[in-house]
Amino acid sequence: MGLVTAGFLAVGIIGVLSAVSVSPAFFTVEYLQLTAERKEGRELPGSAVLLAGIAGVGAIVPAFYLTSDLGGAGITGMTAASAVYIHLFVVPIEELVKSSMAYLIGSGYRLSPIGYAVVGAFVGLGFSFGENAVYILSYGVLGGELVQTVLERSVVASFHVLLSTVAAYHIGKARQSMRATDAVKGLSVAVAVHVAYNLMASFSGTASLAQKAAVSVMFIALLWMSIRRVGQYSMRGFAGLW
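From a predicted model like this one, the values you see are computed outputs, not experimental measurements. Just so you know, the residues in each chain are numbered from 1, in the order the chain's sequence is written. The predicted origin of the model limits local features to residues at a pLDDT of at least 70 and limits the giving and counting of side-chain atom pairs to 80 or more, whereas totals for whole chains, interfaces and linings rest on all residues. Hydrogens and waters are ignored; side-chain quantities use all the structure's heavy atoms.

Draft legend 1. Structural detail: empty space enclosed by the protein. Put plainly, a pocket is an open set of points on a 1 Å grid over the protein atoms alone with protein on both sides within 12 Å along at least five of seven lines, a cavity is a set where a 1.4 Å probe fits but cannot get out, and a lining residue has an atom within 4 Å of a point. Grid points are joined across faces, edges and corners, and a volume is the space filled by probe spheres set on the points. Under the criterion given, the structure shown has two cavities of 30 Å³ or more. In this structure, the largest cavity spans a volume of roughly 70 Å³. Gln33, Ala36, Glu37, Glu40, Arg42, Glu43, Leu44, Leu111, Gly115 and Val118 are the residues that line the largest cavity. Numbering of helices and strands starts at the N terminus; helices are DSSP runs of H or I of at least 4 residues and strands are runs of E of at least 2. Breaking the lining of the largest cavity down by element, the ones donating at least two residues are α2 (23–40) and α6 (113–141).

Draft legend 2. Region of interest: the packing of aromatic side chains. Ring geometry is summarised as follows: Phe, Tyr and Trp rings, the Trp one being its six-membered ring, pair when their centres sit within 6.5 Å, and such pairs are stacked at plane angles under 30 degrees, edge-to-face over 60 and tilted between the two. Going through the model one piece at a time under the given rule, you end up with one aromatic pair. Ring geometry for tyrosine 135 against tyrosine 139: centres 5.5 Å apart, planes inclined by 25°, an arrangement best described as stacked. Of this pair, tyrosine 135 and tyrosine 139 both sit in helix α6, four residues apart, roughly one helical turn. The buried label applies to any residue whose accessible area, calculated with a 1.4 Å probe on protein chains only, is under 20% of its type's maximum; exposed applies above 50%, and partly exposed to all values in between. Residue tyrosine 139 is classed as partly exposed on the basis of its relative accessible area, which comes to 30%. Here, over-ring charges are defined by two tests on the NZ atom of lysine or the CZ atom of arginine: distance to the ring centre within 6 Å, and angle to the ring normal within 35 degrees. One Lys or Arg, lysine 98, reaches over the ring of phenylalanine 127 and ends 4.8 Å from the middle of that ring. The ring of tyrosine 135 has arginine 153 lying over it, and the distance from NZ or CZ to the ring centre is 3.9 Å.

These values are about where atoms sit, not about what they do.
Right, here's the structure in full:
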């Protein structure tokens, strides 16, 4: 097998594994899209969805650049200085970049706040796909923890989608109401929950059963908040779609 062929094969395998790792997040995005269609009576333009996904993948570039000097230590291997750097600088910029892309796409297509939310969800999905590919290569393929990495990243993928959804919805509200405080509120929630997750992971360890249970509860709570806040529908309303 030639070097080029092996390279294409490796990229293909990582791409498939990354797609598998974001599959739970994809179902979350589909739910939000159904909610938006029910509320507005129309589908989000396919071009907006495509742009949002591509923009999300592109958003990993500044995040990767800003964290590349940490030497791949990961959350649990951070020094105090790098932890401060990540939480006070990198996380806000990461959420701001994703939110800005949702704002540009939502404004270009003149979407409602719920439309912004769906665009934000697709931005988060694209970001998760790109970020998971980096983690799967670094920790899964090269680090020898492939299954564990794919499983852990599948949880984090839904996390990114929900944070981007909440932030983008409030940005859409801000554009509609011309109140900057709505945008600040959404971005602040995204940053605060992101920082809280990182801190929780650093204290309890990524392999801890207690941490996984706590993260699961947090995700369920955040999903419920997203559903209630973004779509104003209960789970009973969602069941009515079928």
